[in-house]
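# Structure at a glance
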Amino acid sequence: MPAATVQNSSRPEENSAVQPVSHVLDRNINALIRRRIEDERTLSLQQKLANGITAFVGSMVFVYIHAILFGLWILINIGWLPVVPAWDPSLVVLAMAASVEAIFISTFVLISQNRMAEEDDKRADLSLQIALLNEHETTRLVTMVSEIARKLGVDPQVAPEELEEMKRNLPPDVVLEEIERQNENGASSSSSSSSGTRASLTS
């Protein structure tokens, strides 16, 4: 019984121990954090102002403030809360102020979205370059392994034409042209099928 008690009491310590993160993963995470901090530091004053306003507009504090202000404005001007004389009984000033505010808020949001789109383009370019590098290295590895297997007289258990296709290094522009060609063929086939359907319906 005492031994079982000691064993059970040591389990929480084992479970609470944090597993060490691999050195490569830790290095990549730190590099991304440093790059993000550097990008935030290099932002212009206008971009920082737009980001701050966008963050405030997208918070619940902004909703609470407007709910209180607009609620008091409406209640006072329609006479339900006669604490001060009404200054906008038709609520035209309120509508105009809300419209002007919406214009500026939309502009600030678009500025922030444009900056986020630029960051997404950078990440997409980085992902594409990494994918191309991986494809090139994998092709070289397949070529090396096939040559080693040939010299050792080992059957790779892969069809020769499939092996040659795996060793072929495809340029990215060729892949893009093939994607565009298939998209055009798919669009033309869909348009022809839709025209044939309309013709059959009219007949």
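Calculation criteria
Residues numbered from 1 in each chain as written. Predicted model: local features only at pLDDT ≥ 70, side-chain atom pairs only at ≥ 80, totals over all residues. Heavy atoms only, no water. 1 Å grid on protein atoms, 1.4 Å probe; cavity = no way out; pocket = protein on both sides within 12 Å on 5 of 7 lines; lining within 4 Å. Points joined across faces, edges and corners; volume = space filled by probe spheres on them. Helix = DSSP H or I, 4+ residues; strand = E, 2+ residues; numbered from the N terminus. Nonpolar A, V, L, I, M, F, W, Y, C, P; charged D, E, K, R; others polar. pLDDT = per-residue confidence, 0-100. Contact = heavy atoms within 4.5 Å. Patch = residues over 30% accessible without salt bridge, like charges linked within 9 Å, V, L, I, M, F, W, Y side chains within 5 Å. Areas by Shrake-Rupley, 256 points an atom, 1.4 Å probe, with all protein chains shown as cover. Salt bridge = Lys/Arg side-chain N within 4 Å of Asp/Glu carboxyl O. Lys, Arg positive; Asp, Glu negative; His and termini not counted. Charge placed at Lys NZ, Arg CZ, Asp CG, Glu CD. Phe/Tyr/Trp six-rings, centres within 6.5 Å; stacked < 30°, edge-to-face > 60°. Buried < 20%, exposed > 50% of the residue type's maximum accessible area, 1.4 Å probe, protein only.

### A few points about the layout of surface pockets
Taken as a whole, the largest pocket holds about 600 Å³ of empty space. Around the largest pocket sit 17 residues that line it, and Arg 35, Asp 39, Glu 119, Lys 122 and Arg 123 are the ones nearest its centre. For the lining of the largest pocket, the secondary-structure elements that each account for two or more residues are helix H2 (23–41) and helix H5 (92–152). Of the residues belonging to the lining of the largest pocket, the class tally is five nonpolar, three polar and nine charged.

### Quick look at the confidence of the model for the chain
With 83% of its residues at a pLDDT of 70 or more, the chain shows a mean pLDDT of 81. Across the chain, the element-wise mean pLDDT spans from 47 in helix H1 (residues 2–16) up to 95 in helix H4 (residues 60–77). Confidence over residues 1–16 falls short of pLDDT 50; this stretch has zero contacts with residues more than four positions distant or in other chains.

### Structural notes on a negative patch on the surface
On the surface, a cluster of negative charge is contributed by Asp 173, Glu 177, Glu 180 and Glu 184. Mapped onto the secondary structure, Glu 184 falls in helix H7 (residues 172–202).

### Comments concerning the packing of aromatic side chains
Taken as a whole and assessed by the stated rule, the structure comprises two aromatic pairs. Between Phe 56 and Phe 62 the ring centres are 5.6 Å apart and the planes differ by 85°, which places this aromatic pair in the edge-to-face class. The exposure class of Phe 56 is partly exposed, given its relative accessible area of 38%.

### Observations concerning unusual backbone geometry
Its identity as a non-glycine residue notwithstanding, Leu 91 has a phi of 60°, on the positive side. Inspection of the secondary structure puts Leu 91 in the loop between H4 and H5. A residue is classified by how much of its surface remains accessible, and Leu 91, at 23% relative accessible area, is partly exposed.

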